[in-house]
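Analysis of the macromolecular model
The lines below spell out each chain.
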Amino acid sequence: MSAVLVVGSVALDSVETPFGRIEDAIGGSGTFFSASASHLTPVNLVGVVGNDYPMERLEPLRARGVDLAGLVRADGESFRWRGRYRHDLNSAETLETRLGVFSQFRPQIPAQFRTSPYVFLGNIDPRLQHDVLDQVEKPRLVACDTMNFWIESRRHELLRLLGRVDILLLNDAEARQLTEEYNLVRAARWILARGPKHVVIKKGEHGAYMFSSHSVFFAPAYPLEEVFDPTGAGDSFAGGFVGYLARTGRADEAAMRRAVVYGSTLGSFAVERFSIDRLLEIHRVDIARRLEEFRKLVAFEEELDE
Ligand code: AMP
């Protein structure tokens, strides 16, 4: 079992969904990833918060094996994101992004984290994602996420980053925006031609595709009766995905496919409550049960000719 180094936002989220609203909830790509991946493997989190951040609310993460030695507390306001979901829960509408201490942040990877064999570059400024790769020592696997905000504002740096990562995870809208291809198969091919060996394109409640140069795999999303707040689904998916690979040390096609199902599983828990609440509540047995449900969901028998 290897540790995963994650660099991402540690945020205060204010979210409105058709079912309720919350102000200044614990959020951020680094936070959701850590809450999810820590079910599978130790996590080393690197990020920054302002001096207004309620640090005690991150204690449950520490208790779950997330090492917070790389989480810096800087003078100023924490990163804040305000979003809204209407009835289409697949797409968040960003109402406000306040970078706060994030705008001055240069990640300093603590010496003991630099040899982490698995690295996840959470959704942050691609210039910072580059900074992280400059500081780590030959990781076995680098996975990366991004979003519309950075595709728009840091396109050049993001394209350069693709040459340095093994796996890119992004949602369908982001894939289309990045590649300017509407068709997702073509979008995937466009991305694969620029460096990553795998690309995972998530389609919210419609599941996720994983493409490589020679294979395509699809996993459905778990058909939940109630999706409460989709915030963090993508990062929790990434946590399950990378966490599984780090736990098993495998990178063959069968393991990669199982990693997608772990991603879908952890993502499905994240959306059942606000913030990381549900991820902190579940245990190994809940995950195992849902994995089994996934298996049943896609199992069918071939019709045999009599
Ligand atoms: P997702 O998993 O895609 O739903 O990611 C949701 C998280 O991304 C929220 O908790 C936000 O705090 C965080 N977030 C939103 N915008 C940004 C941004 N521009 N950079 C980094 N993190 C962000």
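Preceding this paragraph is the structure being described.
So, a few notes on the structure that sits alongside this text. Just so we're clear, the structure is a prediction, and the values are computed from it rather than from any experiment.

Moving on: the sheet that holds strand 3 (residues 20–27). Here four strands make up an open sheet; going across it, the order is 3-2-6-7 and the pairing mixed. The sheet is open, and its two borders are formed by strand 3 and strand 7 (93–98), each paired with just one other strand. Across the sheet, the mean angle from the axis of one strand to that of its neighbour is 15°, orientation sign disregarded. Here strand 2 (residues 11–17) pairs with strand 6 (residues 79–84) via six bridges, running parallel.

Turning next to the nonpolar core. If you look at the biggest cluster of nonpolar residues, it comprises 52 residues, and the most contacted ones within it are F120, I167, F241 and L245. Here this core takes nine residues from helix 9 (residues 253–270), the largest share from any one element.

Before going further, it helps to spend a moment on the site of the ligand. Of all residues adjacent to the ligand, which total 18 residues, the nearest are D13, G28, N123, G232 and D235. Between the ligand and G234 there is a distance of 3.1 Å, counted from an oxygen atom to a backbone nitrogen or oxygen. Burial of the ligand by the surrounding chains reaches 89%, relative to a free accessible area of 510 Å². Elements supplying a minimum of two residues to the shell around the ligand: strand 2, strand 6, helix 4 (148–153) and helix 8 (233–248). With three residues, the single largest contributor to the shell around the ligand is helix 8.

Right, let's get into the packing of aromatic side chains. Counted under the stated rule, the structure contains 11 aromatic pairs. With a centroid separation of 5.7 Å and 50° between ring planes, the pair formed by Y222 and F294 is classed as tilted. With Y222 in the loop between strand 13 (216–219) and helix 8 and F294 in helix 11 (residues 284–298), this pair connects stretches of sequence that are 72 residues apart. What links up through ring pairs into an aromatic cluster is the set F19, F228 and F274. Across from the ring centre of Y182, 4.1 Å away, lies the NZ or CZ of R176, which sits over that ring. Over the aromatic face of F269 sits the side chain of R290, whose NZ or CZ is 4.0 Å from the ring centroid.

Right, let's talk about the environment of E292 for a bit. Topologically, E292 is positioned in helix 11. Looking at E292, the relative accessible area reads 31%, which means it is partly exposed. Linking E292 and T265, residues 27 residues apart in sequence, is a C-alpha distance of 10.0 Å.

Conventions used here
Residues numbered from 1 in each chain as written. Predicted model: local features only at pLDDT ≥ 70, side-chain atom pairs only at ≥ 80, totals over all residues. Heavy atoms only, no water. Pairing = 2+ DSSP bridges. Helix = DSSP H or I, 4+ residues; strand = E, 2+ residues; numbered from the N terminus. Axes fitted to C-alpha atoms, helices over the stretch in contact; angles between N-to-C directions. Core = buried A, V, L, I, M, F, W, Y, C linked by side-chain atoms within 4.5 Å. Buried < 20%, exposed > 50% of the residue type's maximum accessible area, 1.4 Å probe, protein only. Near = heavy atom within 4 Å. Polar contact = N/O pair within 3.5 Å; in protein donor to acceptor, adjacent residues only side chain to side chain. Areas by Shrake-Rupley, 256 points an atom, 1.4 Å probe, with all protein chains shown as cover. Phe/Tyr/Trp six-rings, centres within 6.5 Å; stacked < 30°, edge-to-face > 60°. Lys NZ or Arg CZ within 6 Å of the ring centre and 35° of its normal.

These values are about where atoms sit, not about what they do.
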